[in-house]
Amino acid sequence: AKKRIWANYSGEEEKGVAEEEETKTLNEERKVSYEQILVSEVTEEGKIYGCSVKDGPALEKLMDNLREEFRNNPPLAGAYQPRKNELCAAKFVDGEWYRARVEKVAGSDVAVQYVDYGNRATVPKVKVASLPSTLQQAPAFARSYNLALVTLPEDEEYRSMGIQGLKEDLLDQTLNMNVEYRIGTEAYVTLITPDKKMDIGKGLVEDGLLMIDRKGGRKLASLQKEYVEAMEKAKKAHLNIWRYGDITADDAKEFGFGK
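Residues numbered from 1 in each chain as written. Predicted model: local features only at pLDDT ≥ 70, side-chain atom pairs only at ≥ 80, totals over all residues. Heavy atoms only, no water.

Examining the sheet that holds strand 8 (residues 143–147)
(1) Moving on: Read around the barrel, 5 strands follow the order 1-2-8-11-10 and close on themselves; strand pairing throughout is mixed. The mean angle between the axes of side-by-side strands here comes to 55 degrees, regardless of whether they run parallel or antiparallel.
(2) Moving on: In terms of strand pairing, strand 10 (residues 174–183) meets strand 11 (residues 186–192) through 7 bridges, oriented antiparallel. Within the sheet, the bridge partner assigned to Ile183 lies in strand 11 and is Glu186. (Pairing = 2+ DSSP bridges. Helix = DSSP H or I, 4+ residues; strand = E, 2+ residues; numbered from the N terminus. Axes fitted to C-alpha atoms, helices over the stretch in contact; angles between N-to-C directions.)

Written out as structure tokens, the structure reads:
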């Protein structure tokens, strides 16, 4: 009988609850409470990984302990058999060991994500090892975020320009982060330079590298207005993704809006 519990489950109920929650969130008052993060990774999908600056000393201590452990007890190459979702140790291109989670095992290669930095790599099995339990206790230091109110263009060339812009402005930078809203478990944030003079997302919109992901509700109305003005400037100057005109107008025609 238990096997039939999901027989009539379509996912629509969950989706409806998530949308309801999002609408409620977007009608609250906007709160600004900055947390400093160091951005360690930007993925090809535009997802950002960062470590809270206040966690920096704890992460450094963990890395010191991990390297000391492996210096004193070097792992025997090939002795560890990695399994999907396991926490392990994996060497990076710099030759150092880091904590990692196994994402896939294919023959002699292992796809891992370095949990304290967010980046991914495929490494030979001989470069992964069992992680001592004492080093497994601390939660992953890198957390994933998405930039609020922006989205990447659909076009592959423009998309790669947007990713490049994100990487140039964010990687290895210490920035002030404000969580603007959440959708399910995903956090959507604004990232501001330490002098609080520049909103990175809005700057990339103004440079014609990102598009706006419009949100309803009063919470983000004022901020969204600034983003729209930034996008209009980029369109007017025909910058980057707007160099041949308004790509949103093309999208509208494609989906049957307008003539």
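Thoughts on the nonpolar core
(1) Moving on: If you look at the biggest cluster of nonpolar residues, it comprises 39 residues, and the most contacted ones within it are Leu166, Leu170, Leu191, Val205 and Leu210.
(2) Moving on: When near neighbours in sequence (up to four residues on either side) are disregarded, Val205 contacts Val150, Leu210, Met211, Ile212, Tyr227, Ala230, Met231 and Ala234.
(3) Moving on: Ranked by size, the runner-up nonpolar core spans 25 residues in total, among them Cys51, Val110, Tyr114 and Leu135. (Core = buried A, V, L, I, M, F, W, Y, C linked by side-chain atoms within 4.5 Å. Buried < 20%, exposed > 50% of the residue type's maximum accessible area, 1.4 Å probe, protein only. Contact = heavy atoms within 4.5 Å.)

A short note on the side chain of Glu41
(1) Moving on: You can see Glu41 is positioned in strand 1 (residues 35–42).
(2) Moving on: With no salt bridge to any partner, buried Glu41 finds its closest opposite charge in Lys167, at an N-O distance of 6.3 Å.
(3) Moving on: Those residues within four positions of Glu41 in sequence are excluded, and the remaining contacts are Lys47, Ile48, Tyr49, Tyr117, Gly118, Asn119 and Leu171. (Lys, Arg positive; Asp, Glu negative; His and termini not counted. Salt bridge = Lys/Arg side-chain N within 4 Å of Asp/Glu carboxyl O.)

A short note on unusual backbone geometry
(1) Moving on: Positive phi is not limited to glycine here, since His238 has a value of about 55 degrees.
(2) Moving on: By the element assignment, His238 lies in the loop between helix 5 (221–236) and helix 6 (247–254).
(3) Moving on: Residue classification places His238 among the partly exposed positions, given a relative accessible area of 45%.
(4) Moving on: With phi around 45 degrees, Asn240 is a residue other than glycine that occupies positive phi space.
(5) Moving on: Within the secondary structure, Asn240 is located in the loop between helix 5 and helix 6.

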